[in-house]
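Each chain, letter by letter, is given below.
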Amino acid sequence: MHAPCKSIVVKLGGSLITEKDKPYTIAWDRLSRAARIIGTYYRRYAEEGLRLVVVHGGGSYGHYAVHEARQKVVIDQLDVARIQLVMNELAIKVARSLIEEKVPVTIIPGHALCPKRKGRCNLSLLIENVVRGMVPLTYGDGIYNEGVVIISGDDLAILAASAINADCLVFVSNVPGVLDEDGVVIPHVSSPNQVPDLTGTSNRVDLTGGMKAKVEKALSFSRDYEDTRIFIVDLEGLEKLLRGERAGTLLSSPSD
Ligand code: IPE
C-alpha cells in the first residue's frame, strides 16, 4: 500500500501531550502513544521518501509560562527567555519520545523560524532539513517584541504545510474531531459557523483561541491549498488516518 500521506505535518496539541490543568506536567501515556503512532508510520514509509514535520503546542508549559509572565506590569526579555526555555524543555521531551521510536527529529524552535514577529517567518531552515531526510520538530513559542508575542503551533503547522507542500495537515487533539452540541463528531466542516462555541477542551489557560480559531485558520489555508487534506483527530483517529482509513473531521472550504 502507498503512504496515505506522502508529505505530512502533524500538530500535537498542547492539551494532548501535557496535563493542561497541571502546570509543567507531561501526559506521558498520550505523548508515548503519539510517538509510537508517528514512529510506526515513519519507519514504514521513510524509504519511499516520506516528508514529515511535527509541531507541538504549549499546553501546561507554554500557556502557563505566558500566564505567569503576564502577572507582571512590564514583560521584559528575561520573561520571554523563560517562556522560550520551558517550551524548549517540553520540545526535548517530545523529541526524545520520537527518537526512541527511531524518528530522526531535529528541534527547530518556533522563535528561530519567526524571530521578529508573527507573519514574518522564514521556513527555509525547516525545508532544508526535510530535504536532507530529517524530521523537523517545531513548536508554539514566545518572542520578545515590546512584550511577549505568542506564535501558535497551529500557525506554524499551517506555514510548515505550505512550505513542504503537504498533502496532509493533521491536528491531533484530545477530542476526536469538531464536535456538535451533542458531542458527536462532525465528519466534514466547511465553515467556522459549524463549530459550537463550547467545542473542545477546557480553555482556562488557552491563550491562542481554541477550536474555533483552529478551524478558521485551517479553512482559510485550505482556500489557497486545495491539495492539502486537513483533519482534526484524536490519537485513535491519527492511527486510523495513517492506516488510510477515514477519521475525525475533514476541513475543507466549499468549492465555488
Ligand atoms: C502556544 O502554542 C505556545 C505558547 C503559549 C508559548 P499553541 O497555541 O499551539 O498551544 P496549544 O496546542 O493550544 O497548547
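Up top is the structure these notes are about.
Just so you know, these numbers come straight off a predicted model, no measurement behind them.

Our focus in this paragraph is the pattern of salt bridges. Tallied over the full model, the rule gives 11 salt bridges. Linking D154 and K11 is a salt bridge whose minimum nitrogen-to-oxygen distance equals 2.6 Å. Of this pair, D154 sits in helix α7 (residues 153-163) while K11 sits in strand β1 (residues 7-12), placing them 143 residues apart in sequence. Linking E128 and R132 is a salt bridge whose minimum nitrogen-to-oxygen distance equals 3.7 Å. Look at E128 and you get partly exposed, because its relative accessible area is 43%. Three or more residues joined by partner-sharing salt bridges are found here, namely K72, D76, D79 and R82.

Summarising the element assignment, N129 is placed in helix α6 (residues 124-131). Excluding residues that lie within four positions of it along the chain, N129 makes contacts with T106, I108, M134 and P136.

Further remarks concern the environment of E226. Turning to its location among the elements, E226 is positioned in the loop between α8 (210-224) and β9 (229-233). Given the relative accessible area of 69%, E226 is considered exposed. Linking E226 and K6, residues 220 residues apart in sequence, is a C-alpha distance of 16 Å.

Scoring rules and cut-offs
Residues numbered from 1 in each chain as written. Predicted model: local features only at pLDDT ≥ 70, side-chain atom pairs only at ≥ 80, totals over all residues. Heavy atoms only, no water. Salt bridge = Lys/Arg side-chain N within 4 Å of Asp/Glu carboxyl O. Helix = DSSP H or I, 4+ residues; strand = E, 2+ residues; numbered from the N terminus. Buried < 20%, exposed > 50% of the residue type's maximum accessible area, 1.4 Å probe, protein only. Contact = heavy atoms within 4.5 Å.

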